[in-house]
Amino acid sequence: MGHAASPSGFRYIGAKRRTKEDPRFVTGRGRYAADVALPGLKHVALVASPHASARIVSIRTDAARALRGIHYVLTGEEFCATTDSLPIGVDAPKVRRWSLAHERVRYAGEWVAAVVADSRALAEDAAELVEVEYEPLPPILDPEQAMVDGSPLVHPAYGSNVILHRNFVWGPVDDQFAAADHQLEFRAVWSRSATVPIETFAVVGQWNPGTEILDIWASIQMPKFPDQTANALRLPGNAVRVHYDIDVGGSYGVKRGLKHTVLVGYLAKRLGMPVRLVEDRLENMRGGDMHGPDRLFDMKVAFDRDGTIRALKIRAVDNVGAYAGRAPFQLGKPVSAICGPYLIPAIAYEPVAVLTNKTPQEAVRGFGQAPTNFALERTMDRVAQFLNMDRVALRKTNLIRKEQFPYTIPSGSTYDSGDYHTVLDKALAAIDYPALQRRRDAARQAGRLAGIGIATCLEPSGGNSAFEPLLNSKNQTTTWMDSCLVRVDLSGSITGIMGTSSSGQGHETLVSTVIGEILERDPMDIRVVHADSLNALPSNSPVGSRMAIMLGGAAAGAARKIKDALIAIAAHNFECAKEDIAYRDGNASLKGVPEKVLTWGQLVEIAHRKFHAMPPDIEPGLQAKFVWEVPTGGGLPTPDGRIQIYPCYAFEAHIVYVEIDPATAAPTIKQYICGHDCGVMINPDIVHGMTYGGIAHGIGAALYEKFTYDDNGQLTSGTFMDYLIPSALEVPPIRIVDHCTPSPLTTFGQKGSGEAGYLGAPAAVANAVNDALALLGVELNELPLSHLAIFETLCKTTLNKRAPNKRPT
Amino acid sequence: MKAPPFEYVRATSVEEACALLGQYGDGAKVLAGGQNLVPMMAFRLLHPSWLIDINEIPALKFVAVETDVVRMGACARQCDIQRDDAIAARAPLLRQALSFVGHAQTRNRGTVGGSLAHADPSAELPLVAQVLGASLVLRAASSTRTLPASSFFSGPMMTELRPDECLEQIHWPVWRDRKTGSSFNEISRRHGDFAIVAAAAQIAVDDDDRCTRAAFGVGGAGPMPVAFPDLAQRLVGCRLGEDELDDVAWDAAAALEPDSDIHATAAYRRHLAGVLVTRVLQSAYEAAKAVP
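J.: Would you take a moment to explain the pairing of strand S16 (residues 346–355) of chain A for this structure?
T.: Within a regular strand, side chains alternate between the sheet's two faces. All names here are of chain A. Along S16, 10 of the 10 residues are buried, which leaves the element largely enclosed by surrounding structure. Side-chain alternation along S16 places Ala346, Ala348, Glu350, Val352 and Val354 on one buried face and Ile347, Tyr349, Pro351, Ala353 and Leu355 on a second face that is also buried. Bridge count for strand S8 (residues 168–170) against S16 is 3 bridges, and the pairing is antiparallel. Note that in S16 the partner of valine 169 across the bridge is alanine 348. As paired elements, strand S15 (residues 309–321) and S16 share 10 bridges and run parallel to each other. Counted as the bridge partner of arginine 315 is glutamate 350 from S16.

Right, dumping it as structure tokens:
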């Protein structure tokens, strides 16, 4: 296969090269948790609560147990007495959660009992026979109502529905508001959506009473998963072995099936049988606890008549649902980029997380940054509209300039590098912005609604979860390392070993490319494997757009140690200084004497077999580990809540053109371009693939996707008939324009890109729709911008009212 | 999402299928393409005790294109009907509608009869059956009867099929008027979803562009798709300008009683019905005029 050379002086990094893992996936040879077929495997089905809030009066399981092929029916009474509750991120220990409800259910779909049977179908048959008597209680669904005293409490023992409420003030906010020429305020609403991978959560557990090890195969993407599973099951950490070589069929944050795994682990140990739980779609959508942010923003902005933004006041109220794991932290990550890519000297931020009787949230791509970017970008457009100022000019006035990096924002994070004006200009040039404006204006002349949307947004990357100590003073976690082990075997083959699972990010390509780059060996010949959790070096898993930086940096560090060892071996044998060795393609020669060379094979043989030829300070064999802490990480917040969170900041400039049929309110995306700068790309195809997918995901959040609930708290979009993800027919051709501003903090200058596209697409699409609506004097600030929402907004105008007697709208 | 237990039998003839239906009646369901039935069983919304598979009955897959009628067996695949140029020449609405039915993958398996018997109020083929006035041949062990589409559909997901009856054939009338045009259109959130509202029209004109015959209907805006023969009659004898079309379309919209759901309110559905009927009438009329 042909490989285009890297443009930037690297040999493999940045070159357009085939990925290592994709052939396995496109030929159907992936191995997923549901493919783990153990002899005697039993299957779990769940009894779910039909009520959003109720007291459990009684559970009768005899009819279910009487069915043939049923092995066990587990209820919360037994389970909660013998396992520990799941961890909670914020300081609210009385908000306790187990895999199964006990005494009370707090959302429709919550698991009440688990049935174990010879087949999943039998387990479902028996689940229908479990008789649960409920005493329904009034549900609370609206977060603002839930904050009012006297509202029903989701967790009465906790005493309030507000699980997190902080007031941060960074800089002279009130002074700036007082001094500004203008201010305006509005509300922006980001509705509950998620990533909804085709693979639901799946887990297989097997307890071996001989070794006393619980083996887990799971479609998992989260840090500390083995430890937290062991804790909940009251087992030592080394009694849980998670097999990270399982392919994960999509995640982007949501594959955090701790409650599933603790349940399966408990059943496997209790019954002495291997047990499997594969969520069906409805279990996944309703009770899989995988929903994303559900957030309203009250935005206040102070600005001058020349467009300079002086200060922001942001109040963000998030409806986290019935329980809280890490979800409230999704209000914390945006602190890392609270002013977006703009020079805004003073910011007040009031994050509020509220419990309600909706499905609990989990992490979703961007971890709260995409909603925040949406609110920021709507703010920029509203300021431009207020001042009757060009939106591009307004952004250029406020974007941080290239020469200002590294740039420290009011909330304490320092942005590493960037060239925002250039990326925006490249995107404008690539789409031919003047021509696009003419196209829009011509469409308007022809009677169509047409709008251009622009969004300039940041992707914080490097996965340093310093928002934990920021939002929970009892949590002093500052370590977010990742690691890699590189081995060269006697045959000279190289293996990179990573300590977590992959969910489509292309880690095998990443690690092999980086090792190949350092050792100057062909990445196609480098194997990358996933250790199990008892063999693995520490990893914090692919969260927060971190693996290109963290795993890439760790692989490079380990490969450098190998390279150093090879050079030391050569220097020892040539009786010269290490500096006199020339290393090329894996061979080491004496500088200036090219015939004096030890080849890769010879060096490897010395390391493995010829101890007599080894330098005294080098271990025999050829392997090296490297454990790396996040660059800039390790700090705790100041008393006023300033903290360096993520180390690296990628930038994206979206320009999108939308037309809306004024008669039907149907929106169509006609043109899409994204200027993108994530520093040095290790593999451009993977970065572009992530970005295309991120934009499609963002289009979903902007126009289609929403977990809707009725007044009784029933999820009314629990299948793909009603929860609408955009298909290839809704996503337009997308053009990506690359730019490279290397990060000074990372091994090769790379930044993260796992959330690329998603962090700006919802804002850009919303701005485009609003540009179309603005001519009619209306706006729409609540996502998704569904056909119905657009129609009802158009109904506020004179449009479609030509014949009111005949148009009963 | 696993179906509850059921018995399965593959019938090899219409007679056998009808005999089985006679035997098991209410507890039995006919399995054609399975694109609706199987998911509903997986959701445990339906609990048939017997599934009678009619996919291997050749007599239910025939297609006969005749001068005045296109006849087909109930188990004719949607993809085959969509690809059939002879059908497209005689009853073009079928092809036009089928491009909105699900996706290529579901049309490969889905059948015409299955869609009609399922009777989703938003489905495309029941709407075409109403607009064209299709006849449905219902077969039981000892009797056969033919119902017009207007009598076949009785409510959302409800038809006049008796428990012992199997939909055997569908007869689609062919308009022999030389200058005939038709049009199908719908609004859905995404391509391939059930329509929020769908509209279909067929119009014939004389050489002076005067409408000689018209039919149209709306789906998704009531318990079942409906045709508007009386309103269509108002178009006959006229050259159809914007005003005529608009009047008829919005009178039709006003007569609808749509429901609200998470995708559309009743008001939006009624509005879309007016817009879409105007559009399909206009486009069918233009197509008819364009016939040489």
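J.: It is not clear to me how unusual backbone geometry should be interpreted in this structure. Could you clarify?
T.: With glycine set apart, most residues show a phi of negative sign, and most peptide bonds adopt trans. All names here are of chain A. Along the chain, phenylalanine 405 connects to proline 406 via a cis peptide bond; the corresponding omega equals -5°. Within the secondary structure, proline 406 is located in the loop between helix H11 (391–398) and strand S17 (407–408). Residue proline 784 is reached from leucine 783 by a cis peptide bond, and omega for that bond is -10°. Its place among the elements puts proline 784 in the loop between helix H19 (761–774) and helix H20 (787–794). The backbone phi angle of glutamate 212 is positive, close to 55°, even though this residue is not glycine. With respect to the secondary-structure elements, glutamate 212 resides in the loop between strand S10 (202–208) and strand S11 (213–218). The phi dihedral of asparagine 388 falls on the positive side, at around 55°, and the residue is not glycine.

J.: Is there a simple way to think about the environment of glutamate 377 of chain A in this case?
T.: Residues and elements named next belong to chain A. When you line up the elements, glutamate 377 lands in helix H10 (residues 369–387). The exposure class of glutamate 377 is buried, given its relative accessible area of 1%. Sequence spacing of glutamate 377 and asparagine 767 is 390 residues, and the spatial spacing of their C-alpha atoms is 7.7 Å. Of note is the side chain of glutamate 377, whose polar atom sits 2.9 Å from the side chain of arginine 395.

J.: Is there a simple way to think about the packing of helix H11 (residues 242–255) of chain B against helix H12 (residues 266–290) of chain B in this case?
T.: When two helices pack together, their arrangement is given by the angle between the helix axes and the distance between those axes. All names here are of chain B. Between H11 and H12, whose axes approach to 8 Å, the crossing angle comes to 145°. Judged by the twist between their axes, the crossing of H11 over H12 is right-handed. Residues Leu245, Asp246, Val248, Ala249, Trp250, Ala253 and Ala254 of H11 form the contact with H12, whose participating residues are Arg270, His271, Ala273, Gly274, Val275, Val277, Thr278, Leu281 and Gln282. A per-class count over the contact of H11 with H12 returns 10 nonpolar, 4 polar and 2 charged.

J.: I tried to follow H19 of chain A on my own but got confused; where do I start?
T.: The α-helix advances 3.6 residues per turn, and as a result positions three or four apart in sequence lie on the same side. Here H19 of chain A contains 14 residues, and its C-alpha end-to-end distance of 19 Å stays within 8% of the 20 Å for a straight helix at 1.5 Å per residue. For H19 of chain A, the tally of buried residues reaches 13 of 14 residues, placing the bulk of the element in the interior.

J.: Even after reading the chapter, I still don't get the sheet that holds strand S28 (residues 667–677) of chain A, so can you show me in this structure?
T.: Through backbone hydrogen bonds, the strands of a sheet pair up, either in parallel or in antiparallel fashion. Residues and elements named next belong to chain A. Read from one edge to the other, the open sheet built from 4 strands follows the order S19-S27-S28-S29, with strand pairing classed as mixed. Strands with a single pairing partner mark the edges of an open sheet, and in this sheet they are strand S19 (449–461) and strand S29 (735–739). Averaged over all pairs of adjacent strands, the angle between strand axes in this sheet comes to 15°, irrespective of strand direction. Inspection of the sheet shows S19 paired to strand S27 (residues 648–660) by 13 bridges, in the antiparallel sense. Considered in S27, the bridge of alanine 450 is made with glutamate 659.

J.: Is there a simple way to explain the pattern of salt bridges in this structure?
T.: If the charged atoms of two oppositely charged side chains come close together, the side chains can form a pair. Using the criterion set out here, one finds 68 salt bridges over all chains in the structure. We note a salt bridge from arginine 139 of chain B to glutamate 168 of chain B, for which the minimum N-O separation is 2.8 Å. Pair noted here: arginine 139 of chain B is in strand S6 (residues 135–140) and glutamate 168 of chain B is in strand S10 (residues 166–173), with a separation of 29 residues, a long-range link. Among the residues examined, arginine 139 of chain B registers a relative accessible area of 16% and is labelled buried. A cluster of three or more residues bridged by salt bridges with shared partners is formed by Glu377, Asp381, Arg391, Arg395, Arg440, Asp441, Arg444 and Asp771 of chain A.

Conventions adopted
Residues numbered from 1 in each chain as written. Chains lettered and ligands numbered in written order. Predicted model: local features only at pLDDT ≥ 70, side-chain atom pairs only at ≥ 80, totals over all residues. Heavy atoms only, no water. Buried < 20%, exposed > 50% of the residue type's maximum accessible area, 1.4 Å probe, protein only. Helix = DSSP H or I, 4+ residues; strand = E, 2+ residues; numbered from the N terminus. Pairing = 2+ DSSP bridges. Polar contact = N/O pair within 3.5 Å; in protein donor to acceptor, adjacent residues only side chain to side chain. Axes fitted to C-alpha atoms, helices over the stretch in contact; angles between N-to-C directions. Left-handed = near helix turned anticlockwise from the far one by under 90°. Contact = heavy atoms within 4.5 Å. Nonpolar A, V, L, I, M, F, W, Y, C, P; charged D, E, K, R; others polar. Expected span 1.5 Å × (residues − 1). Salt bridge = Lys/Arg side-chain N within 4 Å of Asp/Glu carboxyl O.

Taken by themselves, the reported measurements are silent on function.
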